[in-house]
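Residues per chain are reported as follows:
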Amino acid sequence: MTLMMNKDWAILQGAFSLAEKLCLHSSLSSIQKADWSRVGHPILSAIGEICGQDVGAVPTTTEWIKNVVCVVWLKLLRRETGEDLDVAWKENPFFVFQNSLPEVNDVVLLEIMKSLAAGRTFASFLLHLPQSEMATEIQRLVRHMRSSPTTEDDVTLVLQVWRELWKGRAKEKVMGENDIQTCFAKQYARLSSSSSLSPQAAKRIKLGPSELPAPSSNPGVLHILFHALEYINDHVSTTAVCLQALSVSLDALYTTFLIDQAVVLPPKETVHFLSEVVSVAEMNNEKLSPELVEESYRDLCACHKPSHFQPSSLTFGEALKIITELAQFWQSNGLEFHDGIHPSYSAFRLKQSVKRVLAALQETDVSQTMTRIHEEETLKNILRSVLESVALPSIECTPEVHTKVAAVIITQRLDDYQSFAALFAGEKSWAACDEHWMDCLEKSQSAFQQCDTLMKLTSTLMSKLHSKSSDPSKCRKLMKITSDIFSALSLEDKNRALTAMLRLSSRGFFGCSVPSAVADGFQQELNMAFNCIIQGGGAASQGNMDTAVSLVARVAFQNPEAALRSCCHSAIFKKGSSAFIVEILQRLPGLRVQEEQIAEAQCVEEEMKERFSVKERKDILTGSSVLCRRLQEAIETKSLSTSEKDQFLKCVGLLLAPVMTVEGEDGKQSFLQPQEVVNTFVLPNLSPAASSASDLELSLQLLHIALSVDVPDGDTSPHWVLNCSPFPLLYVLAQLHNQSLRCWEQPPVSTLHMETKELLVSLLTTLGQVIGKEVAAAPSSWSRALFWLYNKMETLDWTVRFHLKPVWGEHFKNEVPSSLLTVCDLPEQEWSGLDLPQYGQGTGLLAWMECCSISDSLQSTMLLHLSVDRGRPDHVTMFSKGVLVALTQTLPSCSISQWTKLLGVLRELITSGRLHVPFSLEYVDYLPLLDLKGFSCELRMSVLLLRVLQLLCGSSCSHWLTAAGWEHVGRLYAHAVRAMMTSLRTKLPHISTSASVCLCCKCPTTKAFGDQSPSCTCLKSPNISTDSQKDKQEDRCLLKSNESQMEEVKTIPSQEVLFVLSQLFCHVQHVQVMIPGGRCEPLFLSSLEILSQCEAIMAAFPDSSSPLESDNTRHFFSTITDNLENEEMKAVLQQKIAQLVSSAA
């Protein structure tokens, strides 16, 4: 702390010098109390002039008065301790000011404070001292009061200091070490510690802990002050001082002896008490002011916590006796305990003090401290008489006064102001005082930034909004203030507030009808918030994300339903915004449905009838969140395009993914729960009779996403799917799968696409495994449902049951067509036959092949138990013909995964010798002198598939399929071709980059053919649809490169591979010509891929084909390709064939 020497200090220095001269034969260091009236006038006039007031008026510049008191007090202490000047000028920051003043004694210090009514200032310095030093200074003050002449002003100063000491330190601005009281305390301690070096040290009391005298010679603060009361009785002549003395002494008695712990008054009771004080003040023409409320509040707080002063040698009986004798003396001398027509604050305070003491005496046994019991009663009677004499009229306080008082406590940040803010926010009678109430909210928003307080304010706002007499402009202003308070909360508190708001109403402030001006204003804010988010482009910076979260949270607090509706609309219909919107929502978990909310809703269902609509109650009780309902609304109100469906599915998938939403939150949680997605989007729309295949597929995709959500490890609770009618769900899925088996029938039995069949199988398998575990854990609980489902399956295709094998467990045998048992030796204890009309004699291999396509485990069983005697040629021949027919029947209804399984079965049958496929030379001009033994499986597989397609495209079978069915068959055959090409690639070493430049990249499946590879850029591509090119999804990566060119090795079967590829190309062309329509894009793309692979091999291995052989190959391929009907495809293939030139040329 540094004081600057300025004009004011020069004026004060001159005043002290003048006062020193007025002392005549003495000095300010030896002046007597009686002389102050003669010499003190210059000093008081100077202080008045500096403070800008008339002489004799009380200065208002408190800080300057503190500086004066501090300097004069330390000047006095310096004289008493004999401080060394060499030390003082270095360590004393007040040295310059003290050195400019003459020496003074305690009369000067105390008379200045008495004249300036600076008892509070004096007490503020005392409260920074240890109690032993404080007691020393209190003794100085009391000695001065008792010295002649004693006036009522002396008594008033002592009482004022006592009350301030009793109240404790006032709430001060934090100044740290630079605070003037702190600096004073440091200097006081320094001077006290060095007092032993001074010859005048004997004049001072030793202040060190080890040097403190016995309690009898160094009485405590309370002992000094209570015994000072014994002296003042003859010096009090006014009721005001009398009331002050009795009230402060009774308060000190109560807090020292009658309570042992602090009592926290409820905020409402505190406000009522302070309102009574304000009402009393207003009766005496005193206006309500922050200072009045603050001091009254400090008084009230001090009355309800134990005193920080120890009673020392003072006893309760002694203190009470002093008070009662004083009161009795004043009463006997005719002093009244009430003044004027209206009650004063001193009288009101005394009444409260007496009531507290009497109440405590009734509850506390203090007779041990009394000499006689009847003496106790006597003292109580005296107090009762004092209470009776303080006659006060009843005080009524209006809500407006309560509002003003609470507003002062909040705005001035008095102790526990946040509790008063909560009361202020929730008291609807106070909110009726619009001007004062709204003004406090607006100016002290930070006081209301607690979640509970905000929700009380929200409740009050909603009451105002829904009132018929509401003022739209005030409601909008209040809504803005409330939203501003919400926006200032931490993210954690925002989420708590959002959860609380959802408990009140899913429509927030707009749960009931509100003025249109208010609704329009919110709609503008909502639109602006989401425009800002969307225009921000979903940038990934943390600042953008924080801003977006804050904007969404603000509008969601006002109306969760409307905010979530906008979130859903943006996530689905604004391209590329799904992930950004979901990330925003994941940081606002307060908007998701909570398990405790569902439980609470179920407990208070009757109460919900008043707050929510029938649909809302149903949604809450079933666990459907507001977000789920808004997503449902978004997809029902508008027909979704393919991209919008993809965005919707992506959005739901992200919302289902468990994430750490808030720092410090235990475990990961998902914003949407799988069961609410299934119950909201899947179950109501899942039906075999669904009119729209796209809606049905969307529901199935959502179910797949929900089932893909990982269940936490160690979770012992039942699986969530058990809350979604699991057995009916399985049955409906089984019905849909049953329909998909007949997708090519005419008229169409099902609107489902073949791709949906894959999804249905995956769903049945996954769901079956989940439910199977639950059934295995408690079979008796599920037996009834299990038999119900099994019986329902009797109406469906027999293959469907095998997808639910995990559900059946060991409860049922495997039921298959009886014809299957004629070709497969299956154990009777596990398998039983069914007499099915469509599976008559000779259909055993058809049923066997259908079993092979269901699952890998069932395929292994079928291969293991197949009854074919390889030693009998007639058996192998008949089996091979049966496989050809069965494969022809099975192929069209296979999905890609089923077809892949069947290709594996065929490969196993060929390599094991059970399936005989003779290789014909119908596409060979000259007998190749090559070793094709290592390629026999690929060649036979290609011929077998050719024979199957020939049979399928024949006159007896060509009417089986629709155009879409033939397109599907083409995709399956193209898939098999790619599988064979992949097998061939494994038989060649890697080809160098220079030799395979045309094949280094996989042909894109989503672009036009002309963009596929460098070797194809010169070709004019036919107009091929994107959907067809999507069929080439697997094994498109062609021959890779090594870092260096490999040397030619005779063992590399490059010629053999070229030969097999040429046969494969011819077979593909043959099939493409046979398929009705002639335009099968998957086969066309397979042909191009075969040609590209041939070109790469011929470039990498020059000896694989001579120029003559290359020319023959080109001619042969061109002749085959001429049979194509589609001219565009033919032209592209002819250009590609022309590029087949051996590098040896």
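Remember, it's a predicted structure, so these values are computed and weren't measured experimentally.

Calculation rules
Residues numbered from 1 in each chain as written. Predicted model: local features only at pLDDT ≥ 70, side-chain atom pairs only at ≥ 80, totals over all residues. Heavy atoms only, no water. Phe/Tyr/Trp six-rings, centres within 6.5 Å; stacked < 30°, edge-to-face > 60°. Helix = DSSP H or I, 4+ residues; strand = E, 2+ residues; numbered from the N terminus. Buried < 20%, exposed > 50% of the residue type's maximum accessible area, 1.4 Å probe, protein only. Lys NZ or Arg CZ within 6 Å of the ring centre and 35° of its normal. Lys, Arg positive; Asp, Glu negative; His and termini not counted. Salt bridge = Lys/Arg side-chain N within 4 Å of Asp/Glu carboxyl O. Contact = heavy atoms within 4.5 Å.

Re the packing of aromatic side chains
Thinking step 1. In this structure the tally under the stated criterion is 29 aromatic pairs.
Thinking step 2. For the ring pair W9 and F97, a centre distance of 4.8 Å and an interplane angle of 45 degrees mean the geometry is tilted. Of the two residues, W9 is situated in helix 1 (residues 7–22) and F97 in helix 6 (residues 95–99); the sequence distance between them amounts to 88 residues. Exposure class is identical for W9 and F97. Each is buried.
Thinking step 3. Site record: aromatic cluster; members linked through ring pairs are W73, F122, F125, F184 and Y188.
Thinking step 4. Positioned over the ring face of Y790 is R801, at 4.1 Å from the centre of the ring.

Topic: the side chain of E152
Thinking step 1. One can find E152 in helix 10 (residues 152–167).
Thinking step 2. Of the side chains with opposite charge, K114 comes closest to the buried, unpaired E152, at an N-O distance of 12 Å.
Thinking step 3. Excluding residues that lie within four positions of it along the chain, E152 makes contacts with H235, V236, S237, T238 and V241.

A few points about the pattern of salt bridges
Thinking step 1. Using the criterion set out here, one finds 47 salt bridges in the structure.
Thinking step 2. Across the pair K167 and E295 runs a salt bridge, and its minimum N-O distance is 2.7 Å. One end of the pair, K167, is in helix 10; the other, E295, is in helix 15 (residues 290–303), with 128 residues separating them in the sequence. We note that K167, like E295, is buried.
Thinking step 3. The residue K477 makes a salt bridge to E442 at a minimum N-O spacing of 3.3 Å. Here E442 lies in helix 22 (residues 434–443) and K477 lies in helix 24 (residues 472–487), a separation of 35 residues in the sequence.
Thinking step 4. Looking at K477, the relative accessible area reads 38%, which means it is partly exposed.
Thinking step 5. What makes E442 partly exposed here is its relative accessible area of 39%.
Thinking step 6. Residues joined in a network through salt bridges with shared partners are R120, R163, E164, K167, D251, E295, R298, D299, R349 and R356.

Purely geometric numbers; function is a separate question.
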